[in-house]
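# What the coordinates show
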Number of protein chains: 2
Amino acid sequence: MAEENTVFIGKKPTMNYVLAVVTQFNSGSKEVVIKARGKSISKAVDVAEIVRNRFVQDAKIADIKISTEELEGEEGRTANVSSIEIFMNL
Amino acid sequence: MAEENTVFIGKKPTMNYVLAVVTQFNSGSKEVVIKARGKSISKAVDVAEIVRNRFVQDAKIADIKISTEELEGEEGRTANVSSIEIFMNL
């Protein structure tokens, strides 16, 4: 899976990421991975659902993985944050 | 899947739902489903990750489904909201 087929969900409006995923598919990608951490996870699910319901009806959710990442905070403390990867393909 | 094996994620603290899932497993359930909608989806992922990393190490994520639900709002308007179901089993 090339990194270029991955869309990272951040603080921008949902539709920005929807457009990014749709653009990937329209430029020939057969698979796009939507990744998010923490509170952005809900937005990642919104993006996947909007893409397949409204823009790329042939796209399927191939797999969804969740995991825990350790983030290094101030003073060397670590914080655990959940993450999600949604694999969409045609 | 009996409704009693389902934990709905709402506005309470994350650990309340972790406890609910752990209690289900400890009382003999082989499968527990964690359900959430909208912004609670991130919390649902946190709950699943905390359960399997800290409390029920044998528990696996069997499946994750996402979908869109239509909610009826005021004046008959409808709003779409994403939802998630995380199937955990022993």
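Provided above is the structure to which this section pertains.
One structure accompanies this document, and this report is about it.

Conventions used here
- Residues numbered from 1 in each chain as written.
- Chains lettered and ligands numbered in written order.
- Predicted model: local features only at pLDDT ≥ 70, side-chain atom pairs only at ≥ 80, totals over all residues.
- Heavy atoms only, no water.
- Helix = DSSP H or I, 4+ residues; strand = E, 2+ residues; numbered from the N terminus.
- Buried < 20%, exposed > 50% of the residue type's maximum accessible area, 1.4 Å probe, protein only.
- Contact = heavy atoms within 4.5 Å.
- Expected span 1.5 Å × (residues − 1).
- Pairing = 2+ DSSP bridges.
- Axes fitted to C-alpha atoms, helices over the stretch in contact; angles between N-to-C directions.
- Core = buried A, V, L, I, M, F, W, Y, C linked by side-chain atoms within 4.5 Å.
- Arc of directions from axis to C-beta.

A word on the environment of serine 67 of chain A. By the secondary structure assignment, serine 67 of chain A is in strand E3 (residues 60-72). Classification of serine 67 of chain A by relative accessible area gives partly exposed; the value is 30%. In the structure, serine 67 of chain A is positioned 20 residues away from phenylalanine 87 of chain A in sequence and 14 Å away in space, judged by C-alpha atoms. When sequence neighbours within four positions are dropped, the list of residues in contact with serine 67 of chain A reads Val81, Ser82 and Ser83 of chain A together with Glu49 and Arg52 of chain B.

Right, let's talk about helix H2 (residues 41-55) of chain A for a bit. Over its 15 residues, H2 of chain A extends 21 Å from the first C-alpha to the last, a length consistent with the 21 Å expected when each residue adds 1.5 Å. Those residues of H2 of chain A that sit buried are Ile41, Ser42, Lys43, Ala44, Val45, Val47, Ala48, Glu49, Ile50 and Val51 of chain A.

Turning next to the sheet that holds strand E1 (residues 6-8) of chain A. Residue and element names in this part refer to chain A. Strands sit in the order E1-E2-E4-E3 across an open sheet of four strands; the sheet is mixed. Each edge of the open sheet carries a strand with a single partner, namely E1 and E3. Averaged over neighbouring strand pairs, the angle between their axes works out to 20 degrees when direction is ignored. Against the sheet, helix H1 (residues 14-26) contacts E1, strand E2 (31-37) and strand E4 (78-89), and its axis sits at roughly 155 degrees relative to E2. Set on the sheet, H2 makes contact with E2, E3 and E4; between it and E4 the angle comes to about 5 degrees.

Right, let's get into the nonpolar core. In terms of nonpolar packing, the biggest core is built from 48 residues, with Ile86 of chain A together with Ile86 of chain B touching the most fellow members. Apart from the residues lying within four places of it in its own chain, the contact partners of isoleucine 86 of chain B are Ile66 of chain A together with Val32, Val33, Ile34, Ala44, Val45, Ala48, Ile61, Asp63 and Ile64 of chain B.

All names here are of chain B. Spanning 13 residues, helix H1 (residues 14-26) covers 19 Å between terminal C-alpha atoms, matching the ideal 18 Å at 1.5 Å per step. Along H1, the residues that are buried comprise Tyr17, Val18, Val21, Val22, Gln24 and Phe25. Viewed along the axis of H1, the buried residues span an arc of 155 degrees, placing them on a single side of the element. Along H1, exposed side chains directed more than 90 degrees from the buried face belong to Leu19 and Asn26. Just downstream of H1 lies glycine 28, where phi reads positive at about 110 degrees.

Moving on to the pairing of strand E4 (residues 78-89) of chain B. Residues and elements named next belong to chain B. Sheet topology places strand E2 (residues 31-37) next to E4; seven bridges connect them, and they run antiparallel. Paired with arginine 37 across the two strands is serine 83, which belongs to E4. Sheet topology note: the strand E3 (residues 60-72)/E4 ladder contains twelve bridges and is antiparallel. Bridged to glutamate 69 within E4 is valine 81. The antiparallel pairing of E3 with E4 creates a hairpin that spans five residues between the two strands, and glutamate 75 there sits at a positive phi of about 55 degrees.

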